[in-house]
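Coordinates in review
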Amino acid sequence: MAGEPSRRTLVLSAATAAMAFGLDASLAIVAAGPRRRTADPEPGYRRIAIGEAEIIALYDGMWEKPHEAGFLSNASVSDVKQALRTAGLDASFVPVPISTFVVRLKGKTVLCDAGGGGQVQGYNSDSIFVSGRMLNNLKAAGIRPEDIDTILISHFHPDHIFGLLSEDTNAQVFPHAEIIVAAAEYKFWTDSSSTARLPPWRQSLSRRIQSVIPSWKNVLPVEGEDEVVPGIRFVSVFGHTPGHTGFHISSGAEQLMISSDTAYVPALCLRHPEWHGAYDQDGAAAEVSRRRLLDRVVAEEMMICGSHFPWAGFGRLVRDGAHYALDLLPA
């Protein structure tokens, strides 16, 4: 059963493992792996102001992903390594930080995504996947889980939702918060007929979602790009998943776009927005959504952050011909 993820071990083929981002908790490390090369930041939270809104980045973990053919369908391993070197990063692996964000605005405390809950693990001896730091960093920032009024979910990949579920029981970690998600995302992942259309490595994720989340009474699927809480609107950026969503925060004259997985690893998907990841359900649609959102961020001169941006993830975009560059705030 998917609700008992730590008790199962699956051995993946190299071809399947190349597309493993989005795997569920049933996958475990199959051999002793290398030591982590990325230290957790101290502290694991960072505050900025957007008008009257307080935005708090929360570090949840890091995936140190080995290079594999097929990770990007239209870029080689050599291309990926060169892009990482151009960005000044260690090119021996693909660094995928995991962050969530709290927004405090107009008397509400809103959590944007819930991280991996320590339940998403590396899939081979060269892969390291650490998650589940978010909850302790939330508390370190002075916020109790029961202080969260609303949770916005960008999409149902495990590094964004497993922090909602207790590992052993699937009990809710935030039982008193309203959970809001795009209706298209909710419909796809909770429809049992969708499961057979997914690759094998995502089917167990789908089954875990279907066995738990439809029974929760505090989940609200919403249509369109409404203001879902005061000062925060949904932004449709489908392609990564059928209902993938960004979050637009506005307060006074200031704006922030929480881009979720739209630009994924900036060293790859900002410099090369045309690259399609194996983790995207529809690579072509994801590219269209990515360019549309990034062009809006540039045109409106707003701040941007993302679930997998380098810590702490806040910055501004500039357009460089067909490419984009991210000017990060100092960590």
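Described below are features of the structure shown in this document. Within each chain, residue numbers correspond to sequence positions counted from 1 in written order. In view of the model being predicted, local features appear only for residues whose pLDDT reaches at least 70, and side-chain atom pairs are presented and counted only at 80 or more, with totals across whole chains, interfaces and linings using the full set of residues. Calculation of side-chain values draws on the structure's entire complement of heavy atoms; hydrogens and water are dropped beforehand.

Observations concerning the overall build of the chain
Under the convention used in this document: The way it works is that DSSP assigns letters per residue, a run of H or I at least four long becomes a helix, a run of E at least two long becomes a strand, and they are numbered from the N terminus. A 1.4 Å probe rolled over the protein chains alone gives each residue an accessible area, and that area as a share of the maximum for its type sets the label: buried under 20%, exposed over 50%, partly exposed in between. Any pair of residues with heavy atoms lying within 4.5 Å of one another is described as a contacting pair. Using a 1.4 Å probe, the Shrake-Rupley method yields the accessible areas, and only the shown protein chains count as cover for residues.
Counting its secondary structure elements, the chain contains 9 helices and 15 strands. The burial tally for the chain puts 57% of its 331 residues in the buried class. In the chain, of all internal contacts separated by at least 6 residues, the share reaching a separation of at least 24 is 69%. Accessible surface, the chain as shown: approximately 13,000 Å² in total, 51% of it carbon and sulfur.

Notes on the packing of aromatic side chains
Geometry of an aromatic ring pair is reported as the spacing of the ring centres plus the angle between the planes. What counts, and what does not: Aromatic pairs are defined between Phe, Tyr and Trp rings, using the six-membered ring for Trp, whenever the two ring centres lie within 6.5 Å; interplanar angles under 30 degrees are classed as stacked, those over 60 as edge-to-face, and all others as tilted. Remark: a charge is flagged as sitting over a ring if the NZ atom of Lys or the CZ atom of Arg is within 6 Å of the ring centre and within 35 degrees of the ring normal.
According to the stated counting rule, one finds 8 aromatic pairs in the structure shown. Taking 5.4 Å as the distance between ring centres and 20 degrees as the angle between the ring planes, the aromatic pair formed by Trp63 and Phe129 counts as stacked. Pair noted here: Trp63 is in strand S2 (residues 53-65) and Phe129 is in strand S5 (residues 128-130), with a separation of 66 residues, a long-range link. Relative accessible area serves as the criterion here: at 1%, Trp63 is assigned to the buried category. For Phe129, a relative accessible area of 11% translates into the label buried. An aromatic cluster of at least three residues, connected via ring pairs, comprises Phe71, Tyr264 and Tyr279. The ring of Phe71 carries the charged tip of Lys65 above its face, separated from the ring centre by 4.2 Å. Sitting above the plane of the Phe162 ring, Arg208 keeps its charged end 4.4 Å from the centroid.

Points about the sheet that holds strand S12 (residues 254-258)
Within a sheet, adjacent strands bond to each other through the backbone by hydrogen bonds, running parallel or antiparallel. Test applied: Two strands form a pair only when DSSP identifies at least two bridges running between them. As a rule, the C-alpha atoms of each element are fitted with a line to give its axis, helices using only the stretch in contact, and angles between N-to-C directions run from 0 to 180 degrees.
Spatial ordering of the open sheet is given by S9-S10-S11-S12-S13-S14-S15, a layout of 7 strands whose pairing is mixed. The open sheet has two edge strands with one neighbour each: strand S9 (227-229) and strand S15 (323-328). Averaged over all neighbouring strand pairs, the angle between strand axes comes to 35 degrees, with direction disregarded. Bridge count for strand S10 (residues 232-236) against strand S11 (residues 245-251) is 5 bridges, and the pairing is antiparallel. Residue Arg233 lies in a different strand from S11, and its bridge partner there is His248. Along the sheet, helix H9 (residues 283-299) makes contact with S10, S11, S12, strand S13 (303-305), strand S14 (315-320) and S15, crossing S14 at roughly 105 degrees.

Describing the nonpolar core
Convention followed: Residues grouped as a nonpolar core are buried Ala, Val, Leu, Ile, Met, Phe, Trp, Tyr and Cys residues, joined through side-chain atoms within 4.5 Å.
By size, the foremost hydrophobic cluster in this structure holds 51 residues, and its most contacted members are Ile151, Phe156, Leu164, Phe174 and Leu268. Examining the composition of this core, we find that 4 residues originate from one element, strand S3 (residues 94-105), more than from any other. Excluding residues within four positions of it along the chain, Leu164 makes contact with Ala114, Ile151, Ile153, Ala171, Gln172, Val173, Phe174, Ile179 and Trp216. Judged by nonpolar contacts, the second largest core, of 28 residues, contains Ala53, Val103, Cys112 and Val222.

Quick look at unusual backbone geometry
Note the cis peptide between Glu42 and Pro43, where omega equals -5 degrees. Here Pro43 shows up in the loop between helix H1 (14-17) and strand S1 (45-50). Backbone torsion omega between Trp311 and Ala312 reads 0 degrees, so that peptide bond is classified as cis. Residue placement: Ala312 occurs in the loop between S13 and S14. Of note in this structure, Lys106 is not a glycine but carries a positive phi near 55 degrees. Look at Lys106 and you get exposed, because its relative accessible area is 62%.

Examining the pattern of salt bridges
Note the threshold: Each reported salt bridge corresponds to a side-chain nitrogen of Lys or Arg within 4 Å of a carboxyl oxygen of Asp or Glu.
According to the stated counting rule, one finds 12 salt bridges in the structure shown. Taking the shortest distance from any N to any O, the salt bridge between Asp40 and Arg36 comes out at 2.9 Å. In this structure Asp40 comes out as partly exposed when scored by relative accessible area, which is 27%. Residues Arg144 and Asp147 are paired through a salt bridge, measuring 2.8 Å at the closest nitrogen-oxygen approach. Overall, Arg144 belongs to the partly exposed group, its relative accessible area being 47%. Each of Arg36, Asp40 and Arg133 takes part in one network of salt bridges that share partners.

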